[in-house]
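Reading the structure
In case you want the letters, here they are:
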Amino acid sequence: MPNERFDAVAAAYRDAGRLQARIAFHERFGGDVPDLHRRAWDRIDAPDDARVLEIGVGTGKHWRVNRDRVPPRWRATLTDRSPGMLDEARRALADTLPNASFEVADAMALSFEDASFDLAFAHHMLYHTTDPSVAAAELRRVLRPGSALHALTNGAAHLAEVHALAADVATAWPHVRVDTPDALSFTAENGATCLGAAFDHVERVVFDDALLVNEAEPLADYLASLVYIDDDALHGPVRAWLAAFARERLACGALVVHRACALFIAS
Ligand SMILES: C[S@@+](CC[C@H](N)C(=O)[O-])C[C@H]1O[C@@H](n2cnc3c(N)ncnc32)[C@H](O)[C@@H]1O
């Protein structure tokens, strides 16, 4: 049953499985469009020997897809609130960033000294914090004056077609919890206002495109990543239902799924 005290963010990122299913979905259906983290990297302007902070590193995808252009003298500190995600990032980036340090850290209260970084990344994570403006102020504090924060986020229309299917899942299974994006607190639409309270300059770069989803299994996997089931006996039936639901949805043709993202560069 939906539970008011359920910590959806902690549950989603206890380990890397749910995020990996979502990343695989984008990789599978992204077509020829360059990866979002690669397009965002194009906008970096930082010294060759920069001290770089990432909060909410997740699986480390940002670094993996840009491994051919990480400046060798950068000193990277990669953090996440979830020890499970940090373990996955440490494992996944062992070759790409052998000298990086990995630390558990909550964006809401960073333990780093003032002005200790030349660049910070907060990709697809500020909307998970209880108050993004507090996290923004913390990021501003630990950045050297004039240094930039790069933060990717989603817009209101992002994956709307998948979220409509998730609403159908919730209707069909009222006793399981299904995540919806309703509560996003930091979006492509409000991000500039939120960061503008802490930073002098905020630039917004819009990345809108679409996926053509024509295979049921990755769609069922994505939907499963939004579902939380307390009752073990329901796992099998829900999973089978999701597979059939995805097949049925695609039987009459591919599903066009719009992506609406924005990169904020704040300094
Ligand atoms: C959607 S994933 C994004 C991962 C990665 N930045 C990317 O773009 O692929 C969100 C990550 O933020 C982490 N996270 C959520 N709330 C956080 C917080 N308050 N402080 C630090 N990390 C947090 C989660 O554990 C998860 O690994």
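As a convention, each chain's residues are numbered from 1 in the sequence order in which they are written. Local features are withheld for residues below a pLDDT of 70 in this predicted model, meaning they are given only at 70 or higher, and side-chain atom pairs are given and counted only at 80 or more; totals for whole chains, interfaces and linings count all residues.

**Quick notes on the overall build of the protein**
Test applied: Helical segments are the DSSP runs of H or I of at least four residues, strand segments are the runs of E of at least two, and each set is numbered from the N terminus. Just to be clear, the radius of gyration here is over C-alpha atoms, and the globule rule we use is 2.2 Å times residues to the power 0.38. Our exposure labels follow a C-beta count within 10 Å of each residue's own C-beta, placed from the backbone: buried means 20 or more other C-beta atoms, exposed means 12 or fewer, and partly exposed covers the counts in between. Think of it this way: build a C-beta for each residue from its backbone, and any pair within 7 Å is a contact.
Along its length, the protein carries 10 helices and 9 strands. The C-alpha atoms of the protein give a radius of gyration of 19 Å, which matches the 18 Å a tight globule of 267 residues would have. Dimensions of the protein along its principal axes, counting C-alpha atoms only, are 55 × 40 × 35 Å. When burial is assessed residue by residue, the protein has 37% of its 267 residues classed as buried. The long-range fraction of contacts in the protein, counting pairs at least 24 apart against all pairs at least 6 apart in sequence, stands at 82%.

**A closer look at the site of the ligand**
Rules: By definition, a residue lies near a molecule or strand when the C-beta atom built from its backbone is within 6 Å of it. Asp, Glu, Lys and Arg are counted as charged, while Ala, Val, Leu, Ile, Met, Phe, Trp, Tyr, Cys and Pro are counted as nonpolar; the rest, among them Gly, fall into the polar class.
Surveying the vicinity of the ligand reveals 21 residues, the closest of which are Tyr 13, Gly 56, Gly 58, His 123 and Met 125. Class assignment for the residues of the shell around the ligand results in 9 nonpolar, 8 polar and 4 charged.

**Let's talk about the sheet that holds strand β1 (residues 51-54)**
Note the cut-off: At least two bridges found by DSSP between two strands is the condition for calling them paired. To define axes, lines are fitted to C-alpha atoms, for helices over the stretch in contact only, and angles between the resulting N-to-C directions are given on a 0 to 180 degree scale.
Within the open sheet, the 7 strands sit side by side as β3-β2-β1-β4-β5-β9-β7. Their pairing is mixed. Of all the strands in the sheet, just β3 (101-104) and β7 (202-213) have a single pairing partner and so form its edges. Neighbour-to-neighbour, the strand axes of the sheet open up by a mean angle of 15 degrees, direction not taken into account. The sheet contact formed by β1 and strand β2 (residues 75-80) spans 4 bridges and is parallel. Bridge pairing links Val 52 to Ala 76 in β2.

**Let's talk about the nonpolar core**
The following threshold applies: In this description, a nonpolar core means buried residues of the types Ala, Val, Leu, Ile, Met, Phe, Trp, Tyr and Cys, linked to one another by C-beta atoms lying within 7 Å.
In this structure, Ala 120, Ala 122, Leu 139, Leu 149 and Leu 195 are the most contacted members of the largest nonpolar core, which totals 49 residues. A total of 6 residues in this core trace back to one element, the largest contributor, which is strand β9 (residues 255-266). Ignoring sequence-local partners within four residues, the contact set of Ala 122 consists of Ile 55, Gly 56, Ala 107, Leu 139, Leu 149 and Ala 151. Listed in part, the 17 residues of the second largest apolar core include Leu 159, Leu 219, Leu 223 and Ala 246.

**What to know about the packing of helix α9 (residues 216-224) against helix α10 (residues 235-251)**
Counted only if it meets this: Each angle receives one of four descriptions, namely roughly parallel if under 35 degrees, roughly antiparallel if over 145, roughly perpendicular if within 65 to 115, and oblique otherwise. The crossing is said to be left-handed when, going from far helix to near helix, the turn is anticlockwise and less than a right angle, and right-handed when the turn is clockwise.
Interhelical geometry of α9 versus α10 gives an angle of 130 degrees and a closest axis separation of 8 Å. Relative to α10, α9 is oriented oblique. Note that α9 runs across α10; the crossing there is right-handed. On the side of α9, the interface is formed by Ala 216, Leu 219, Ala 220, Leu 223 and Ala 224, while α10 contributes Arg 239, Leu 242, Ala 243, Ala 246, Arg 247 and Leu 250. When grouped by side-chain class, the residues that make up the contact of α9 with α10 number 9 nonpolar, no polar and 2 charged.

**Quick word on unusual backbone geometry**
For Ala 115, which is not glycine, the phi dihedral falls at a positive 50 degrees. Looking at where Ala 115 falls in the secondary structure, it is placed in the loop between β3 and β4 (117-121). On the basis of neighbour count, Ala 115 is assigned to the partly exposed category, with 13 C-beta atoms found within 10 Å.

**Side note on helix α2 (residues 17-29)**
Short version of the rule: A helix's residues, less one, multiplied by 1.5 Å, set its expected span. The directions from the helix axis to the C-beta atoms form the arc being described.
An ideal rise of 1.5 Å per residue puts 18 Å on 13 residues; α2 measures up with 19 Å between its terminal C-alpha atoms. Of the residues making up α2, those classed as buried are Arg 18, Phe 25 and Phe 29. Projected down its long axis, α2 shows its buried positions confined to an angular sector of 20 degrees, all on one face. On its buried face, α2 is in contact with α1 (8-12), β7 and α9.

**Here we look at helix α7 (residues 160-172)**
Spanning 13 residues, α7 covers 19 Å between terminal C-alpha atoms, matching the ideal 18 Å at 1.5 Å per step. Listing the buried residues of α7 in full gives Val 162, Leu 165 and Ala 166. The buried residues of α7 occupy an angular sector of 105 degrees when the element is viewed end-on, so they sit on one face. For α7, the exposed residues lying more than 90 degrees away from the buried face are Ala 164, Ala 167 and Thr 171.

**Thoughts on the pairing of β2**
In plain terms, the rule: With the strands aimed away from the viewer, a crossover counts as right-handed if its path from the first strand over the helix to the second runs clockwise.
Most of β2 is tucked away: 5 of the 6 residues are buried. Bridge count between β2 and β3: 4 bridges; the pairing is parallel. Paired with Leu 78 across the two strands is Phe 102, which belongs to β3. Handedness of the crossover joining β2 and β3 through helix α5 (residues 83-92): right-handed.

Note that all results are geometric; they support no functional claim without further evidence.
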